[in-house]
Amino acid sequence: MKSPMVHPGPEAPWRTILSQSITAPRNLPPSIKTDRKALEAVTARYPMQINPYYLGLIQETGDPIYKQCIPDIREISDEAGVEDPLNEEGDSPVPGLTHRYPDRVLFLVSSRCAMHCRFCNRKRKVGRESMVSGGSIREGLSYIKSHKEIRDVLLSGGDPLLLNNGKLAEILTQLKEMPHVEIIRIGTRIPCTLPQRITPRLAHLLGRFKPLYINVHFNHPREITPAASLACGRLADAGIPLGCQTVLLKGVNDQPEVIMTLMQKLLTIRVRPYYLFQADPVRGTSHFWTPLQRGMEIMSVLQGHTSGLCVPHFAVDLFAGGGKVLLLPEYVVKRTPHWLTVKNYAGKIYRHPILD
Ligand SMILES: *Cc1c(COP(=O)(O)O)cnc(C)c1O
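Residues numbered from 1 in each chain as written. Predicted model: local features only at pLDDT ≥ 70, side-chain atom pairs only at ≥ 80, totals over all residues. Heavy atoms only, no water.

> Explain the overall build of the protein chain to me, using residue names and the numbers behind them.
On a plain count of helices and strands, the protein chain comes out with 11 helices and 12 strands. Taken along its principal axes, the extent of the C-alpha atoms in the protein chain is 70 × 50 × 40 Å. A buried classification covers 53% of the 356 residues belonging to the protein chain. Across the protein chain, the fraction of contacts at a sequence separation of at least 24, relative to all contacts at a separation of at least 6, is 74%. Summed over all atoms, the accessible surface of the protein chain reaches about 16200 Å², with 56% contributed by carbon and sulfur. (Helix = DSSP H or I, 4+ residues; strand = E, 2+ residues; numbered from the N terminus. Buried < 20%, exposed > 50% of the residue type's maximum accessible area, 1.4 Å probe, protein only. Contact = heavy atoms within 4.5 Å. Areas by Shrake-Rupley, 256 points an atom, 1.4 Å probe, with all protein chains shown as cover.)

Right, here's the structure in full:
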């Protein structure tokens with residue numbers, strides 16, 4: 001990384017912004033108050049990468065943006081987390097592809113991200129080993145081609161939108177040519193962390209592969225900037241439905257008001273909340289964990305109090321590869337053969353007939 005850093009303007013090309021990412025604690029700007037020396041030990045194990053756009057969203061030390069991207073000394077003392085809690089490798093018939101559910105696969109097509117989230121659930125790999133190679137992409141595509149039960153392919157990584165347009169189009173074209181693949185999904189944090197990458201040209205390219213669904217990843221209302229709004233608007237205008245996968249993170253967004261504002265703002269940039277995830281028990285991330293109960297409390301503050309469109313599913317990805325399950329706050333207070341006693345969103349109790 002070159003230092004001193006020149007801040008590119010918001011209109012700078014995305015490659016320029018990305019190339020000015022900070023990867024060494026000593027190169028953090030003076031406004032970031034932290035023990036740079038101590039952080040070197042953290043980044044030796046879990047690399048840091050923060051591009052100037054995302055860095056520019058930090059307003060003060062320890063704020064929700066800071067916590068997502070600046071390393072924390074607790075990452076290397078964490079004993080509670082495990083490397084691969086979702087057992088992605090265990091359900092992986094070929095490298096970089098996880099086939100856990102009957103009709104869909106998770107397919108890693110990029111090793112790189114525009115920013116390294118400190119809570120990443122592939123923290124064991126990101127920025128250190130290559131998750132993906134030309135060979136693993138070829139093998140993944142041929143696995144999908146020969147498994148006719150796969151009707152939904154979810155591209156992830158790293159961030160698929162960091163591939164160059166040619167490579168991305170090549171992968172999408174091959175998937176599109178497989179008649180059993182009905183839909184393609186992309187999971188990306190780019191509209192949040194490097195929205196400049198969503199050029200009119202990229203949006204147009206992606207629009208050629210409909211039905212294509214994109215799940216973006218915003219965790220805090222302050223990430224919803226004019227640049228992020230422009231990026232999401234371009235994708236939506238290209239005919240791509242947008243969902244959001246938010247991760248519940250202690251000190252970042254574990255307050256009901258923060259999640260409520262985030263979900264409401266997402267709808268204004270044409271993104272429909274999809275999942276609110278309990279953070280996975282990944283080694284190096286235990287300082288972000290929230291009690292399960294917190295997620296349910298937050299759901300009960302959303303449900304009924306704001307538009308149903310703002311309410312995501314609260315999902316927990318079960319330990320050791322059990323997959324995602326949805327947890328709901330308990331509304332049923334009592335069950336008798338003919339009546340349910342139910343609490344409504346406002347806490348009032350009603351009796352409701354069971355008709356059967
Ligand atoms: C999350 C995930 C999917 C997609 O799950 P949906 O609930 O359909 O969004 C697919 N495969 C794996 C391995 C996953 O972790």
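The discussion continues.
> So, the sheet that holds strand 4 (residues 183-187): which residues are in play, and what are the values?
Spatial strand order, 1-2-3-4-5-6-7-8-9: nine strands in an open sheet with mixed pairing. The open sheet has two free edges, formed respectively by strand 1 (97-101) and strand 9 (323-326), since each of these has just one partner strand. Strand-to-strand twist across the sheet, computed as the mean angle between neighbouring axes with direction ignored, equals 25 degrees. (Pairing = 2+ DSSP bridges. Axes fitted to C-alpha atoms, helices over the stretch in contact; angles between N-to-C directions.)

> How would you summarise the site of the ligand if you had to cite specific residues and measurements?
Around the ligand, the neighbouring residues are Thr 98, Tyr 101, Arg 104, Leu 106, Leu 154, Arg 185, Tyr 274, Tyr 275 and Lys 324. At a separation of 2.7 Å, an oxygen atom of the ligand approaches a polar side-chain atom of Arg 104. Between the ligand and Tyr 274, the relevant distance is 2.7 Å, taken from an oxygen atom to a side-chain nitrogen or oxygen of the residue. Protein chains shield 91% of the accessible area of the ligand, which is 390 Å² for the free molecule. Among the detected pockets, the ligand sits in the largest pocket. Elements with a contribution of two residues or more to the shell around the ligand: strand 1, strand 2 (104-110) and strand 7 (272-278). (Near = heavy atom within 4 Å. Polar contact = N/O pair within 3.5 Å; in protein donor to acceptor, adjacent residues only side chain to side chain. 1 Å grid on protein atoms, 1.4 Å probe; cavity = no way out; pocket = protein on both sides within 12 Å on 5 of 7 lines; lining within 4 Å. Sits in = over half its atoms within 2 Å of the grid points.)

> Break down the domain arrangement of the protein chain for me, with residues and values.
Once the domains are mapped, the protein chain shows domain 1 (14-74) and domain 2 (97-327). The gap between the C-alpha centroids of domain 1 and domain 2 is 22 Å. Residue-level contacts link 27 residues of domain 1 with 35 residues of domain 2. Roughly 2700 Å² of surface becomes buried between domain 1 and domain 2 when both sides are summed, with 57% attributable to carbon and sulfur atoms. Counting the surface domain 1 buries against domain 2, the share from its top three residues, Trp 14, Tyr 53 and Gln 68, is 29%. Across the contact surface, domain 1 and domain 2 share one salt bridge. The salt bridge involving Asp 63 is made with Arg 222; its shortest N-O contact spans 2.8 Å. At the junction of domain 1 and domain 2, the tally comes to 17 residue pairs in polar contact (both at pLDDT 80 or more). Contributing elements (two or more residues each) for the side of domain 1 that touches domain 2: helix 1 (14-19), helix 2 (36-45), helix 3 (52-55) and helix 4 (64-69). Among the residues making up the side of domain 1 that touches domain 2, the classes are represented as 17 nonpolar, four polar and six charged. (Domains from an automatic or database assignment. Buried area = accessible area lost by both parts, 1.4 Å probe. Salt bridge = Lys/Arg side-chain N within 4 Å of Asp/Glu carboxyl O. Nonpolar A, V, L, I, M, F, W, Y, C, P; charged D, E, K, R; others polar.)

> Hey, could you go over the layout of surface pockets for me, with residue numbers and the actual values?
By volume, the largest pocket is sized at about 1100 Å³. Along the lines of polarity and charge, the residues of the lining of the largest pocket split into 21 nonpolar, 13 polar and 10 charged. Put simply, the second largest pocket is a space of about 260 Å³. Looking at the second largest pocket, it is lined by 15 residues, and the ones nearest its centre are Tyr 213, Asn 215, Gly 243, Arg 272 and Tyr 274. In terms of residue class, the lining of the second largest pocket is built from nine nonpolar, three polar and three charged. (Points joined across faces, edges and corners; volume = space filled by probe spheres on them.)

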